[in-house]
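# Examining the three-dimensional arrangement
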Amino acid sequence: LSQHLSIASSMAFVMATRTASLLRCTSTVALRWSSLGARSHSLGCRAPLAASDLERASRGVGSRSGLCARYVPCAVSNSQSQVSGNRSVCCKATKRGGKRGKDDYSSATAPATAQRAPRAVRAVPLQVLAVAKAGTPAVESLAGDYGTKLKRYCKFTETLLRPNPKNTRVPAEQRAAEGERVLKAVSPRDRLVVLDERGRDMTSEELADLIAEAGDASAASVIFAIGGPYGHPPEVRQRADDVVRLSKMVLNHQIARLVLLEQMYRAWTILRGEPYHH
């Protein structure tokens, strides 16, 4: 009888020890999980942690959110966390003392840039009016390519005005003579956009809006004027509806012409919602 009592007491002691150890493990997992949950909220994660992840974390298995016992979330500011709908974009999680694996990152991904929706726009004619000589064959070929592309959307013409028509050596007189020819080619119903290094900066989207607004306002055409080597005279700038610049740097006439043509084509692809512009 005493022998059986001794065995029973030993078994009871072992069971009590294992129960206490199990309780300690459970409390440790609960504390770790609560700290991870608080840390996930501090990282800007709005989505609540799944209940099934508690069991997976106790077994050391990587959870969907990447916040398990084997991973440590990196420190990022709230401004770096992005939320798209019900999916939270958390920071990357890195393994302790190891390379990054497939489970080291959150399953949520940053939202892609939405493509601009097509807009109903009147096909207002576009014209480039440049005070410049004809470019090299390579420039003329590329300019012709963009001109052909633009004609898919609207009527497009390009006019090159001869620089220094009076053959004067005085820059002010040369600029005035070139300005007279530019103004003769512009009618009162045209929207004149003068390109000048002192003009305002404009994005591709803003250029698309400018063309759309000109169409909505029933403008006869939109004319983009590129000045001569000394720029535009004050009379042209006063007549201009918009004064913009392609760059803060001074561009060669041939380069400025190609950049303008490409941006005009890009503007129409934006208005049509085509994938050329990202």
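Residues numbered from 1 in each chain as written. Predicted model: local features only at pLDDT ≥ 70, side-chain atom pairs only at ≥ 80, totals over all residues. Heavy atoms only, no water.

### So, the packing of aromatic side chains
Evaluated as defined, the whole model comprises four aromatic pairs. Both rings, one in tyrosine 153 and one in tryptophan 268, keep their centres 5.8 Å apart while their planes meet at 5°; by these two values the pair is stacked. With a gap of 115 residues between them, tyrosine 153 in the loop between helix 3 (137–150) and strand 6 (156–161) and tryptophan 268 in helix 7 (residues 253–272) connect regions that are remote in the sequence. As far as burial versus exposure is concerned, tyrosine 153 and tryptophan 268 are alike and both buried. A centroid spacing of 4.9 Å and a plane angle of 65° characterise the contact between tyrosine 265 and tyrosine 276, whose relative ring orientation is edge-to-face. Linking tyrosine 265 in helix 7 with tyrosine 276 in the segment after helix 7, this pair joins segments that are eleven residues apart in sequence. Taken together, Tyr146, Tyr153, Tyr265, Trp268 and Tyr276 form an aromatic cluster joined through their ring pairs. Over the face of the ring belonging to tyrosine 265 we find lysine 149, whose NZ or CZ atom lies 5.3 Å from the ring centre. (Phe/Tyr/Trp six-rings, centres within 6.5 Å; stacked < 30°, edge-to-face > 60°. Helix = DSSP H or I, 4+ residues; strand = E, 2+ residues; numbered from the N terminus. Buried < 20%, exposed > 50% of the residue type's maximum accessible area, 1.4 Å probe, protein only. Lys NZ or Arg CZ within 6 Å of the ring centre and 35° of its normal.)

### Here's the deal with the environment of arginine 122
Secondary-structure assignment places arginine 122 in the loop between strand 4 (93–95) and strand 5 (126–131). With near-sequence residues (within four places) excluded, arginine 122 lies in contact with Ala214, Gly215, Ser218, Ala219 and Trp268. Polar contacts involving the side chain of arginine 122 include one to the main-chain carbonyl oxygen of glycine 215, which spans 3.1 Å. Here alanine 219 takes part through its backbone oxygen, which lies 2.6 Å from a polar atom of the side chain of arginine 122. (Contact = heavy atoms within 4.5 Å. Polar contact = N/O pair within 3.5 Å; in protein donor to acceptor, adjacent residues only side chain to side chain.)

### A closer look at a nonpolar patch on the surface
A cluster of nonpolar side chains, contributed by Leu246, Met249, Leu251, Ile255 and Val259, occupies part of the molecular surface with about 410 Å² of accessible area. Along the chain, valine 259 falls in helix 7. According to the relative accessible area criterion, valine 259 is partly exposed, its value standing at 32%. (Patch = residues over 30% accessible without salt bridge, like charges linked within 9 Å, V, L, I, M, F, W, Y side chains within 5 Å. Areas by Shrake-Rupley, 256 points an atom, 1.4 Å probe, with all protein chains shown as cover. Salt bridge = Lys/Arg side-chain N within 4 Å of Asp/Glu carboxyl O.)

### Description of a positive patch on the surface
A surface patch of positive charge is lined by Lys133, Arg162, Lys166, Arg181 and Lys184. Following the sequence through the fold, lysine 133 ends up in the loop between strand 5 and helix 3. (Lys, Arg positive; Asp, Glu negative; His and termini not counted. Charge placed at Lys NZ, Arg CZ, Asp CG, Glu CD.)

### Description of the confidence of the model for the chain
When pLDDT is averaged along the chain, the result is 75, and 60% of the positions lie at 70 or above. The weakest mean pLDDT in the chain belongs to strand 1 (residues 71–73) at 36; the strongest belongs to strand 8 (residues 222–226) at 97. In the predicted structure, residues 37–113 sits below a pLDDT of 50 and forms 95 contacts with residues beyond four places in sequence or in another chain. (pLDDT = per-residue confidence, 0-100.)

### Examining the sheet that holds strand 7 (residues 191–200)
Read from one edge to the other, the open sheet built from five strands follows the order 6-5-8-7-9, with strand pairing classed as parallel. Two strands in the sheet have a free side with no partner beyond their single neighbour: strand 6 and strand 9 (242–244). Put simply, the sheet's adjacent strands are angled 25° from each other on average, direction ignored. In terms of strand pairing, strand 7 meets strand 9 through four bridges, oriented parallel. Its bridge partner lying in strand 9, valine 194 is registered against valine 243. Of the strands in this sheet, strand 5, strand 6 and strand 8 are in contact with helix 4 (residues 171–184), which crosses strand 5 at around 165°. (Pairing = 2+ DSSP bridges. Axes fitted to C-alpha atoms, helices over the stretch in contact; angles between N-to-C directions.)

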